[in-house]
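Here is how the chains run, residue by residue.
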Amino acid sequence: MDTVSPHRPIVNSQQKQQAFDAQAHKLGLKPRDPWVGGYVDYEWDHLRLVLDAMPLQLEGVPVLEFGCNVGASAILFSHLGAHVSATDISAEWVSLARLNAERYGIDNIDFRHVPDSRQLPFADGQFQLIACNSVLEYVAAEQIAAVQRELDRVLAPGGMILLTGTSNRLWPQEAHSGLWLVNYLPRWLDRLWGKPLQRGMWPWRAVHGFGPGYVNLDTAAPDNFFARSRLSMGAPKAKLKPLLWVARRLGVGPGLLAHNISCLLQKPGG
């Protein structure tokens, strides 16, 4: 990936910092929490390395950050030169994300509050890249098929969908909640529990749910994106070897077998 800035984003407005802190407190969050005020730094140290390992050109590219949360990924994409739109179903979180961007001196992200992700306010084929970072596993089971097809609608032919940090339902421990075996429980048990249990996403749903013909560009080849990015993050080779071995035997990208799904899907056409 070619980037327009090799430098880490830094907070440059104390006034915006105070506004961000106030909005975070309003949401019951701790502004100095690494997953709140420190999330941009985390993405610089992690998502940036994933992007560096992938065949992406970001400068001037229209990017959609779907489910932007505090806006950390959207801020990173903008910092690296992309033209970014970002959505979330919560108006309060969109406000927090906008303040987060402003404290970094970024004011060119198109943040949108979209209550129903099955109806995105964008034109057909508007984006060349859609980033889904730890979000699809939170979409209601009865809506996920429609949401994935809506994302397909706004993605240009030949465009790419980047999935990262998506809890993998293959694993016995759910990645976000830390609960054991919940990934394997049928959804009808939720009625007995009284609320939906947090589960991961099946990797075949991640790859095939957007429509026919999508190709995962992260293959089982020795120089795959997943391995290169994890090694650059400092992951020991010994821990990666078993995963890479299984991926090669199955002929799939290793990111589809990881605890958090990581894959780069290309839409047919273009």
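As a reminder, the structure under discussion sits directly above these lines.
All residue numbers refer to position in the chain's written sequence, counted from 1. Side-chain atom pairs in this predicted model are given and counted only at pLDDT of 80 or more, local residue features only at pLDDT of at least 70, and totals for whole chains, interfaces and linings cover all residues. Side-chain calculation: all heavy atoms of the structure are included, whereas hydrogens and water are not.

A. Local environment of the pattern of salt bridges. Only one rule defines a salt bridge in this text: a Lys or Arg side-chain nitrogen within 4 Å of an Asp or Glu carboxyl oxygen. Applying the stated criterion across every chain, the model contains 11 salt bridges. Where Asp45 meets Arg8, a salt bridge forms, and the shortest distance between an N and an O atom there is 2.8 Å. Here the residue Asp45 occupies a position in helix H2 (residues 39-45), and Arg8 occupies one in the segment before helix H1 (14-26), the gap between them amounting to 37 residues. The class for Asp45 is partly exposed, based on a relative accessible area of 33%. For Arg8, a relative accessible area of 36% translates into the label partly exposed. Across the pair Arg118 and Asp116 runs a salt bridge whose closest N-O atoms are separated by 2.9 Å. In this scheme, a residue with accessible area under 20% of its type's maximum is buried, one over 50% is exposed, and one in between is partly exposed, where area comes from a 1.4 Å probe on protein chains only. For Asp116, a relative accessible area of 23% gives the class partly exposed. Through salt bridges with shared partners, a single ionic network connects Arg8, Asp41 and Asp45. Only runs of H or I of at least four residues qualify as helices and only runs of E of at least two qualify as strands under DSSP, and these elements are numbered from the N terminus.

B. Spatial organisation of the pairing of strand S4 (residues 127-133). Among the 7 residues of S4, 6 are classified as buried, and the element is accordingly described as predominantly covered. Any two strands with at least two DSSP bridges between them are considered paired. The sheet contact formed by strand S1 (residues 62-66) and S4 spans 4 bridges and is parallel. Note on S4: the bridge partner recorded for Val63 is Leu129. In the sheet, S4 pairs with strand S5 (residues 155-167) via 6 bridges, with the strands oriented parallel. Within S5, the residue paired with Ala131 across the bridge is Leu162.

C. Summary view of helix H5 (residues 91-103). Compared with the 18 Å implied by 1.5 Å per residue over 13 residues, the 19 Å span of H5 between its first and last C-alpha is a close match. Among all positions of H5, only Val94, Leu96, Ala97, Leu99, Asn100, Ala101 and Arg103 are buried. On its buried face, H5 sits against H1, H2, helix H4 (72-79), strand S2 (83-88) and strand S3 (110-113). Among the residues trailing H5, Gly105 stands out with phi positive, at a value near 80°. A helix is expected to reach a length of 1.5 Å times the quantity of its residues less one. The criterion used for residue contact is that any of the two residues' heavy atoms lie within 4.5 Å.

D. Summary view of the pairing of S5. With respect to burial, S5 is a largely interior element, 11 of its 13 residues being buried. Running through helix H6 (residues 144-154), the crossover from S4 to the neighbouring parallel element S5 is right-handed. Pairing of S5 with strand S7 (residues 260-266), which is carried by 6 bridges, proceeds in the antiparallel orientation. Across the sheet, the residue bridging to Met160 is Gln266, located in S7. Orient the strands so they point away from the viewer; a crossover is then right-handed if the path from the first strand over the helix to the second runs clockwise.

E. Quick peek at the packing of H1 against H5. Between H1 and H5, the least distance of the axes is 8 Å, while the angle of their chain directions is 160°. Here H1 is positioned roughly antiparallel relative to H5, judged by the angle of their axes. Where H1 crosses over H5, the handedness of that crossing is left-handed. Along the contact surface, H1 presents Lys16, Gln17, Ala19, Phe20, Gln23, Ala24 and Lys26, while H5 presents Glu92, Ser95, Leu96, Leu99, Asn100, Glu102 and Arg103. Three classes are used, and their members are as follows: Ala, Val, Leu, Ile, Met, Phe, Trp, Tyr, Cys and Pro are nonpolar, Asp, Glu, Lys and Arg are charged, and the others, Gly among them, are polar. Tallied by class, the residues present in the contact of H1 with H5 amount to 5 nonpolar, 4 polar and 5 charged. For helices, the axis comes from a line fit to the C-alpha atoms of the stretch in contact; other axes are also lines fit to C-alpha atoms, and the angle between any two N-to-C directions lies between 0 and 180 degrees. Note on angle classes: values under 35 degrees are labelled roughly parallel, values over 145 roughly antiparallel, values of 65 to 115 roughly perpendicular, and the remainder oblique. Crossing handedness is defined as follows: a turn of the near helix away from the far one that is anticlockwise and smaller than a right angle gives a left-handed crossing, while the clockwise case is right-handed.

F. Structural detail: the sheet that holds S1. A sheet is described by the order of its strands in space; here 7 strands give the open sequence S3-S2-S1-S4-S5-S7-S6, paired in mixed fashion. The sheet is open, and its two edges are formed by S3 and strand S6 (215-216), each paired on a single side. H5 contacts S2 and S3 of the sheet and is inclined by roughly 165° relative to S3.

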